[in-house]
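Residue-level structural notes
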Amino acid sequence: MRERNGLDAADIRILTAVQKYGQLSKTKLAELVNLSPTPCWARLTRLRAAGYISGYHADIALDRVVDTTRVVVTVSLTHHRKTDFDRFENHIAGIDAIINCVATGGGIDYIMTVVTPSLSTFQGVMDDLLSADLGIDRYMTYFATRLIKAEQPNLAKLVAHTTR
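This section reports on the structure supplied with the text. Small disclaimer: the values here were computed from a predicted structure and weren't measured.

Moving on, we get to the overall build of the protein. Within the protein, the secondary structure is distributed over 7 helices and 4 strands. In the protein, the succession of α and β elements from N to C terminus is α-α-α-α-β-α-β-β-α-β-α. In terms of overall dimensions, the protein is more spread out than a globule: its C-alpha atoms have a radius of gyration of 20 Å, far above the 15 Å expected for 164 residues. If one aligns the C-alpha atoms of the protein with their principal axes, the spans along those axes are about 55 × 40 × 25 Å. Element-wise, carbon and sulfur atoms account for 53% of the exposed surface of the protein, whose accessible area totals about 11,200 Å². Averaging the coordinates of the 19 positive side-chain charges in the protein and doing the same for the 17 negative ones gives two points 12 Å apart.

Before going further, it helps to spend a moment on the pairing of strand E1 (residues 69–77). Burial of E1 is extensive: 7 of the 9 residues sit out of reach of the surface. Sheet topology places E1 next to strand E3 (residues 110–116); 7 bridges connect them, and they run antiparallel. Across the sheet, residue Val71 finds its bridge partner in E3, namely Val114. Examined bridge by bridge, E1 and strand E4 (residues 136–143) share 7 bridges and lie antiparallel to one another. Looking at the pairing, Val75 lines up with Tyr139 of E4.

Rules used in this analysis
Residues numbered from 1 in each chain as written. Predicted model: local features only at pLDDT ≥ 70, side-chain atom pairs only at ≥ 80, totals over all residues. Heavy atoms only, no water. Helix = DSSP H or I, 4+ residues; strand = E, 2+ residues; numbered from the N terminus. Rg over C-alpha atoms; globule rule 2.2 N^0.38 Å. Areas by Shrake-Rupley, 256 points an atom, 1.4 Å probe, with all protein chains shown as cover. Lys, Arg positive; Asp, Glu negative; His and termini not counted. Charge placed at Lys NZ, Arg CZ, Asp CG, Glu CD. Buried < 20%, exposed > 50% of the residue type's maximum accessible area, 1.4 Å probe, protein only. Pairing = 2+ DSSP bridges.

Written out as structure tokens, the structure reads:
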């Protein structure tokens, strides 16, 4: 029986395994999701083609590679028209140092995470944002001292709660 968005329990198990372990061999994936290899791989191929998997990545222990400055920045725009939001979002999409940006409701329009090699580099990113005429009214910075948790949501639990 198919459920939400045409996904059934086996599809969710496949997506959960791929989310947790990344790219897997046909045999290992089939073993993890309790399906035979060929049908499992056909399902994975269908899920990829349908756009349910947007990519694969490795979680690098960044602190073992390089020292960084991580800053959480809240941004409020002067005006709240669609064109203002579009201009801001299109601009920051091209800035590598901004690794995460969430649009929010309420008194703050965006919450961003900025990772740079130094405080002066971070200040350069902010100076460039402010001089880009993006309609930034105000911003607040919060310097991260430790990264406590950063992971994807548990897909299986989310789906289980929405199908009740």
